[in-house]
Amino acid sequence: MFLGLEWYWWLIIVVVVALSIPFKVKFMKWWSKRQKEQKDKWGGEE
């Protein structure tokens, strides 16, 4: 198989990546909101 991995390992990798994408999007939204709140809290631009 491709790169020496069996087909089921590729299936597991694809499933893990597909499940992690929504969590990454949610984290990025939360992070940008947190950064904006901290900027407001500390008086805007540095």
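Look up: the structure comes first, before these words.
Residues numbered from 1 in each chain as written. Predicted model: local features only at pLDDT ≥ 70, side-chain atom pairs only at ≥ 80, totals over all residues. Heavy atoms only, no water.

Novice: Sorry, what's going on with the overall build of the protein here?
Specialist: Along the protein, the regular secondary structure elements total 1 helix and 0 strands. A total of 46 residues make up the protein; the buried ones form 0% of that total. Carbon and sulfur atoms provide 69% of the accessible area of the protein, an area that totals close to 4800 Å². (Helix = DSSP H or I, 4+ residues; strand = E, 2+ residues; numbered from the N terminus. Buried < 20%, exposed > 50% of the residue type's maximum accessible area, 1.4 Å probe, protein only. Areas by Shrake-Rupley, 256 points an atom, 1.4 Å probe, with all protein chains shown as cover.)

Novice: Explain the packing of aromatic side chains here, please?
Specialist: Two descriptors summarise a pair of aromatic rings, namely the distance from one centre to the other and the angle between the planes of the rings. One pass over the structure, following the stated rule, counts 5 aromatic pairs. Consider the rings of phenylalanine 27 and tryptophan 31, whose centres lie 6.0 Å apart with planes at 25 degrees: the pair is stacked. In this pair, phenylalanine 27 and tryptophan 31 are both assigned in helix α1 (residues 7–41), 4 residues apart and thus about one turn of the helix distant. The class of tryptophan 31 is partly exposed, set by a relative accessible area of 36%. Aromatic side chains tryptophan 30 and tryptophan 31 sit 6.0 Å apart centroid to centroid with 55 degrees between the ring planes, which places their arrangement in the tilted category. An aromatic cluster is defined as three or more aromatic residues linked by ring pairs; in this entry it consists of Trp7, Tyr8 and Trp9. (Phe/Tyr/Trp six-rings, centres within 6.5 Å; stacked < 30°, edge-to-face > 60°.)

Novice: Just to check I follow, could you spell out α1 for this structure?
Specialist: Every α-helix carries 3.6 residues per turn, so stepping three or four residues along brings you back to the same face. Over its 35 residues, α1 runs 51 Å from end to end, which matches the ideal 51 Å to within 8%, given 1.5 Å per residue. The largest bend in α1 comes to about 25 degrees, at isoleucine 21, with the proline proline 22 one to four residues further on. (Expected span 1.5 Å × (residues − 1). Bend = angle between axes of the 7 residues up to and from the residue.)

Novice: Can you help me understand a nonpolar patch on the surface in this one?
Specialist: A cluster of nonpolar side chains, namely Trp7, Tyr8, Trp9, Leu11, Ile12, Val15, Val16 and Leu19, defines an oily patch on the protein surface of about 830 Å² accessible area. Checked against the element boundaries, leucine 19 lands in helix α1. (Patch = residues over 30% accessible without salt bridge, like charges linked within 9 Å, V, L, I, M, F, W, Y side chains within 5 Å. Salt bridge = Lys/Arg side-chain N within 4 Å of Asp/Glu carboxyl O.)

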